[in-house]
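# Structural overview
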Amino acid sequence: MVSDRPSAFTFQLIPAFTPTLSVELSGGNLLVSSLDQHGAVISGTRFQATPSADEWSCFWDAVEFLDVWSWKENYDLTGGRDGEAWKLHLEHENKSVTAKGWNGYPAFDSPSKVSGSEDRMGVFLFSLCKLLSPKTQPTSGVEVLQNVIQLCRDDSRRTRRST
């Protein structure tokens, strides 16, 4: 039987001057956090997502469409200290990918090329956001981060009220 969940999943979106978005597989669920510049979880910004089999299926369709399994190890574009870094490690059904970038992303026309455009990464981020919260509709990586931080805060408030 094919599993809908990955065997490993870590993703970080590290924009300049704003908190890092961290998503990691933990106990079969996705643990989503906002991290400070030292890698510590910012208080009140952690929640757990439990995607359904259908939501995972849509995510895997996007992964295949984006050819994530063939992404290169490094998508760094030099020049300037400001920018956005990202890291991805994903394993599912005997496939795996480890990739990262600094101001660079897999080019939309070919993941073997480095691009300064977020086109392919933007679709990945949209798919990830839909996996974490199917009702959100982000338009950019920064908006993904803002949506997830808001979800973390909302979840934290619900947890505090119920205790």
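Residues numbered from 1 in each chain as written. Predicted model: local features only at pLDDT ≥ 70, side-chain atom pairs only at ≥ 80, totals over all residues. Heavy atoms only, no water.

Moving on, we get to unusual backbone geometry. Apart from glycine, the bulk of residues carry a negative phi angle, and the bulk of peptide bonds sit in the trans form. You will see that Asp67, though not glycine, has its phi angle at about 55°, which is positive. Along the polypeptide, Asp67 turns up in the loop between helix H1 (53-65) and strand E5 (74-76). Take Asp67: its relative accessible area is 35%, and that puts it in the partly exposed class. Positioned with a positive phi, Glu93 is a non-glycine residue whose angle comes to about 45°. Here Glu93 is to be found in the loop between strand E6 (84-92) and strand E7 (95-102). Taking the relative accessible area as the measure of exposure, Glu93 reaches 42% and is therefore partly exposed. (Helix = DSSP H or I, 4+ residues; strand = E, 2+ residues; numbered from the N terminus. Buried < 20%, exposed > 50% of the residue type's maximum accessible area, 1.4 Å probe, protein only.)

It is worth spelling out the sheet that holds strand E4 (residues 41-49) at this point. In spatial order, the strands read E4-E3-E2-E1-E6-E7-E5; together these 7 strands make up an open sheet with mixed pairing. A single partner strand is all that each edge strand has here, and the edge strands are E4 and E5. Across the sheet, the mean angle from the axis of one strand to that of its neighbour is 10°, orientation sign disregarded. Of the strand pairs in this sheet, strand E1 (residues 8-15) and E6 are connected by 8 bridges, and their pairing is antiparallel. Bridging across to E6, Leu13 finds its partner in Trp86. (Pairing = 2+ DSSP bridges. Axes fitted to C-alpha atoms, helices over the stretch in contact; angles between N-to-C directions.)

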